Amino acid sequence: MSEDIENNKPSNFIKEIIDEDLKEKRYTHVHTRFPPEPNGYLHIGHAKSICLNFGLAEEYGGKTNLRFDDTNPTKEDVEYVESIKEDIKWLGFDWEDRLFFASDYFDTLYEYAVKLIKKGKAYVDSSSYEQIKEERGAPTKPGVESKYRNRTVEENLDLFERMKNGEFGDGEHVLRAKIDMTSPNMNLRDPIMYRIRHAEHHRTGKEWCIYPMYDWAHGQSDSIEGITHSICTLEFENHRPLYDWFVEELEIHHPRQIEFARLNLSYTIMSKRKLLQLVEEGHVSGWDDPRMPTISAFRRRGYTPESIRNFSDEVGIAKRDNVIDIFRLEYSIRQDLNKRSMRVMGVLNPLKVELLNYPEGQVEELDAINNPEDESMGKRKVPFSRELYIDAHDFQENPHKKFFRLSPGREVRLRYAYIIKCEEVIKDADGNIEKLLCTYDIETKSGSGKSDKKVKGTIHWVSAQHAVNAEVRLYDRLFNVPNPGDDKDVDFKDHINPNSLEVLTHSLVEPYLKNAKPGDRFQFERLGYFCVDSKDSSEDHLVFNRTVTLRDSWAKIEKRGNK
RNA sequence: UGCCCUGUGGUGUAAUGGUAACACAGAGGUCUCUGGAACCUUAGUUUCGGGUUCGAAUCCUGACAGGGCAACCA
């Protein structure tokens, strides 16, 4: 067993490696980093990586840097830099004064490259793009050496400097490491270190026209920052020998790279490229559309940072490919919100109820408990009157045998109020139910103790004259298959769930919600957790996003009944 | 058919040569003024074959399966 008994986070293979490194004094401390490329918004998979890197540093009393890997000016943008910073902060992590950019190291990287050229370990290749591609070979076919491979050090130095000085156009030359064109590891077949790009960089502007490749910049950036454990995903496993080669040749600090399997979530996709496509083609309203798996979307939808961190901790770390069941995430947010969110009543699809024996014009202020899980959250008053609305789903004219709610001639309790009985169903000319005429039993007032009458169902409601209109957005999974990105023959967009968003514009909520502020979270009793939308909600037009439903055993019974 | 990595219930993760466990999901139940929450019960797992060992999920070996690698992307 590993030694982290003090915290309750489970151990994993990465901690075992770190423990070993510390024990053998390979490193005296732990310093990690989170190295995103600012070319898109962060998603839940990145959240796992953030939690891992910052979490590890916290546990070992070390530090974590935030470093943007901004080596490709054509794809990167400050908008992304800002969103990434915001998301990490929101998750609750702090890089303090250690905000870095790979572009901070362009000068150093250039010097390192010169050093390798001088050692005869790098050369300028003037072959065409196609030529280089051809000569690289294939996994089962060795590469062949470039005819420029044996240029003299002096010539390489001269050419490389002139590349930097802008004497050549894009693609005319590249700088390559001189390693082994026949290596079974493709990454070692003289990888490209620099390419010419006459492009403006979001931070260095027009200062450079040669840009380092990720493989050349990444390991050295970690080294420069004194990173001890460079944690990354599996696809970089084959790159590790290259990174090792660079730091060894350069004789600089050698971080240990550890690879883990990236997070996959069922019913969604994690590819930044595909996510960008959804945004650009308008399948969603933006990176923060609450159906997206991005951190900003989860935030807007009402997820708490704590729930995402717990989720990340609980799914564990390993090297095998995995697909985490979306239920797992939903469990995590329900668990958190159950403990902390205020209960209110909201009617999604209003159905009018008139209480025939309730005095006209009378209004009672009834006591309602704000959170049965937390007494300190107190109580509030909810107005009750002759005309009410209940949810249409809580009435069935011809009830299923396990339906415990309202039906003709049957009784149900109105939460925090009275037991009512449905006496008559009023329909319009087309046979649509217009209104329910009911009676209430005055003896059954909540908390009065006058009656011990029991009913099987309790439903929520709002008072017609007091209710506040609201728009409610119900979200379902964005895709209707568990692994939408898996199918190689079908475009992932063909799996988009056409019903992933349902907008209800005539919902009614209790008056307490009149002053709800963007970002406020509530449990609508019996329905789920809802969050005031941070973009579209206003004082005169409340908009609620459904974060997640409550667990719903009735839905299961219903589903079964349909089969 | 080269190199690298990975194979444990439905899904994840543990067990580090000594009784295969935990969570989610599933099934059933208790309770309930949320068909919520909580609680209880239950079913289900080591890819296959050899070997080492008193003893193998664990070590060795051979298969098989899955993933990754052929951007001047990261």
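Everything below is about the structure shown above.
Heads up: these notes are all about the structure in this document. (Residues numbered from 1 in each chain as written. Chains lettered and ligands numbered in written order. Predicted model: local features only at pLDDT ≥ 70, side-chain atom pairs only at ≥ 80, totals over all residues. Heavy atoms only, no water.)

What about the pattern of salt bridges?
Inspection of every chain in the model, using the stated rule, returns 48 salt bridges. With a closest N to O distance of 3.3 Å, E225 and R67 form a salt bridge. Taken as a pair, E225 in the loop between α7 (214–224) and β8 (229–233) and R67 in strand β2 (residues 63–68) lie far apart in primary sequence, 158 residues in all. Look at E225 and you get buried, because its relative accessible area is 11%. According to the relative accessible area criterion, R67 is buried, its value standing at 0%. Note that D394 and R526 form a salt bridge whose closest N and O atoms lie 2.4 Å from each other. With D394 in the loop between β15 (387–391) and β16 (411–414) and R526 in the loop between β23 (521–524) and β24 (528–532), this residue pair connects regions lying 132 residues apart in the sequence. Look at the salt bridges and you will find they share partners, linking D288, R300, E471, R473, D533, K535 and D536 into a network. (Salt bridge = Lys/Arg side-chain N within 4 Å of Asp/Glu carboxyl O. Helix = DSSP H or I, 4+ residues; strand = E, 2+ residues; numbered from the N terminus. Buried < 20%, exposed > 50% of the residue type's maximum accessible area, 1.4 Å probe, protein only.)

Digging into the protein's contact with RNA strand B
Among the 73 residues in the neighbourhood of RNA strand B, the closest are listed as E16, R343, R405, S446 and R526. Residue R320 places a side-chain N or O atom 3.1 Å away from a phosphate oxygen belonging to RNA strand B. Take E525: an N or O atom from its side chain is 3.4 Å from a base nitrogen of RNA strand B. Elements represented by at least two residues in the surface near RNA strand B include exactly α5 (129–136), β6 (192–196), α12 (326–340) and α13 (553–562). (Near = heavy atom within 4 Å. Polar contact = N/O pair within 3.5 Å; in protein donor to acceptor, adjacent residues only side chain to side chain.)

Description of a positive patch on the surface
A cluster of basic side chains, namely K401, K402, R551, K556 and R560, defines a positive patch on the protein surface. For K401, the position within the fold is in the loop between β15 and β16. (Patch = residues over 30% accessible without salt bridge, like charges linked within 9 Å, V, L, I, M, F, W, Y side chains within 5 Å. Areas by Shrake-Rupley, 256 points an atom, 1.4 Å probe, with all protein chains shown as cover. Lys, Arg positive; Asp, Glu negative; His and termini not counted. Charge placed at Lys NZ, Arg CZ, Asp CG, Glu CD.)

What about the nonpolar core?
Formed by 34 residues in total, the largest nonpolar core has its most connected members in I44, I50, I88, L91, L265, I308 and F311. Taken together, the elements giving at least two residues each to this core come down to α2 (44–59), β2, α3 (78–91), α10 (295–301), α11 (305–315) and α12. Sequence-distant contacts of L91, that is, excluding residues within four places in its chain, are made with A47, I50, I295, P305, I308 and R309. Of all hydrophobic cores here, the second largest spans 33 residues; its members include F106, A113, V114 and A217. (Core = buried A, V, L, I, M, F, W, Y, C linked by side-chain atoms within 4.5 Å. Contact = heavy atoms within 4.5 Å.)

Some remarks on the sheet that holds β6
Taking strand neighbours across the sheet as the criterion, the 4 strands line up as β4-β5-β6-β7 in an open arrangement whose pairing is antiparallel. The strands lining the two open edges of the sheet, one partner per strand, are β4 (122–125) and β7 (210–212). Direction aside, the axes of adjacent strands within the sheet are offset by 20° on average. Note that strand β5 (residues 174–177) and β6 share 3 bridges and pair antiparallel. Each residue of the ladder has a partner; that of L175, found in β6, is Y194. Lying on the sheet, helix α4 (residues 106–118) is in contact with β4, β5, β6 and β7; it crosses β6 at an angle near 120°. Packing against the sheet, helix α6 (residues 153–164) makes contact with β4, β5, β6 and β7, and its axis sits at approximately 60° to β4. (Pairing = 2+ DSSP bridges. Axes fitted to C-alpha atoms, helices over the stretch in contact; angles between N-to-C directions.)

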